Amino acid sequence: RDADAMQEWSAQAVDLCSQRQQRILADVLPALKPGGFLVYATCSYSAVEDEEILDWLVQSFGLQSMVVDWPDALFGVVACQSPKEKANGFRFFPNRVKGEGFFIAVLQKPGVLINSDNKQKPKTSRTELSKAMIPWLWSPEELIFYVHKNNIYGMPPAVFRFFENYQKKFYIRKAGILLAEDMHGKFIPQHALALSPLLNPKAFNIWEADLRDAIRFLQKESLMPIHLPKGWILVSFQGLPLGWLKNMGNRSNNYYPKEWRIRMTV
């Protein structure tokens, strides 16, 4: 694909890549649970980076090569084995498959795989959207809403069906759009909602900030748009939402995420 890449190739570069892959694998393998599966893939066809790495994983860490029932004749995938340990791999050559090709293999770490079904899963349940929040969204009837730790999320029904199934097997850090936090019946709009196309901005008072105030908002400074009534205010710059302020009357609270704030002086 790239003529310059041909000029960069050398046997020394291949050896360096192989050594780098060994360092990466040695660092990450402690994070793999006993009985867990390692999927090893490269964009190289070099045996030094592929089959010889499989031999190294088996010999150095006791990983077991997995047999994958792959219809290679159907998809043009070429099955292969490492020279010493006969570990299984697959080569996707670009002249036989769609794409630029790669190498892949699956190995299992010694030990017993812990049955995740026995672990307590995060409590997630569907919920009806509060009447107070319905005006916040353009088309709430097209979404499914669920509650997790007092947070209200929304997502399309087709996505929610997958989410319900996958959360039984996996720990999911984030799914859907975080709309609001339910504080004993008082709903705090969340930053993800401010940036989402689901938001109906007509439901809120909008403060169109100039450049100076927009930067101050992104620095999470205290601002006071005294010309606007009390309540939630959507801060905007050149028509683009930035986040939330809450006008308390004599002061305002800046709800821009503190971990996102601009730290440098502009």
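**Digging into the nonpolar core**
Thinking step 1. Of all hydrophobic cores here, the largest spans 18 residues; its most connected members are Met133, Trp136, Leu137, Leu193, Phe204 and Trp244.
Thinking step 2. Among the elements of the structure, β9 (177-183), β10 (186-189), α6 (191-194) and β12 (231-237) are those that each provide at least two residues to this core.
Thinking step 3. Beyond its immediate chain neighbours, meaning those up to four positions away, leucine 193 contacts Trp136, Leu137, Ile177, Leu178, Leu179, Leu199 and Trp244.
Thinking step 4. Counting residues in hydrophobic clusters, the runner-up holds 16 residues, among them Leu25, Leu38, Leu54 and Cys80.

**Digging into the packing of helix α2 (residues 11-28) against helix α3 (residues 51-61)**
Thinking step 1. The interhelical angle for the contact between α2 and α3, taken along N-to-C directions, is 40°, at an axis separation of 11 Å. The element α2 and its partner α3 pack so that their crossing is right-handed. Here α2 contributes Ser18, Gln21, Gln22, Leu25 and Ala26 to the contact with α3, which in turn contributes Ile53, Trp56, Leu57 and Phe61.
Thinking step 2. Here the residues of the contact of α2 with α3 sort into six nonpolar, three polar and no charged.

**Here's the deal with the sheet that holds β12**
What links the strands of a sheet is backbone hydrogen bonding, and the strands pair in either a parallel or an antiparallel sense.
Thinking step 1. Strand order in the open sheet made by the four strands is β11-β12-β13-β14, with mixed pairing throughout. The two strands at the open ends of the sheet, each matched to only one other strand, are β11 (205-208) and β14 (252-254). Averaged over neighbouring strand pairs, the angle between their axes works out to 35° when direction is ignored.
Thinking step 2. Pairing of β12 with strand β13 (residues 240-247), which is carried by seven bridges, proceeds in the antiparallel orientation. Within the sheet, the bridge partner assigned to tryptophan 232 lies in β13 and is lysine 246.
Thinking step 3. Relative to β13, helix α7 (residues 211-218) is tilted by about 70°, and along the sheet it contacts β11, β12, β13 and β14.

Procedures and definitions
Residues numbered from 1 in each chain as written. Predicted model: local features only at pLDDT ≥ 70, side-chain atom pairs only at ≥ 80, totals over all residues. Heavy atoms only, no water. Core = buried A, V, L, I, M, F, W, Y, C linked by side-chain atoms within 4.5 Å. Buried < 20%, exposed > 50% of the residue type's maximum accessible area, 1.4 Å probe, protein only. Helix = DSSP H or I, 4+ residues; strand = E, 2+ residues; numbered from the N terminus. Contact = heavy atoms within 4.5 Å. Axes fitted to C-alpha atoms, helices over the stretch in contact; angles between N-to-C directions. Left-handed = near helix turned anticlockwise from the far one by under 90°. Nonpolar A, V, L, I, M, F, W, Y, C, P; charged D, E, K, R; others polar. Pairing = 2+ DSSP bridges.

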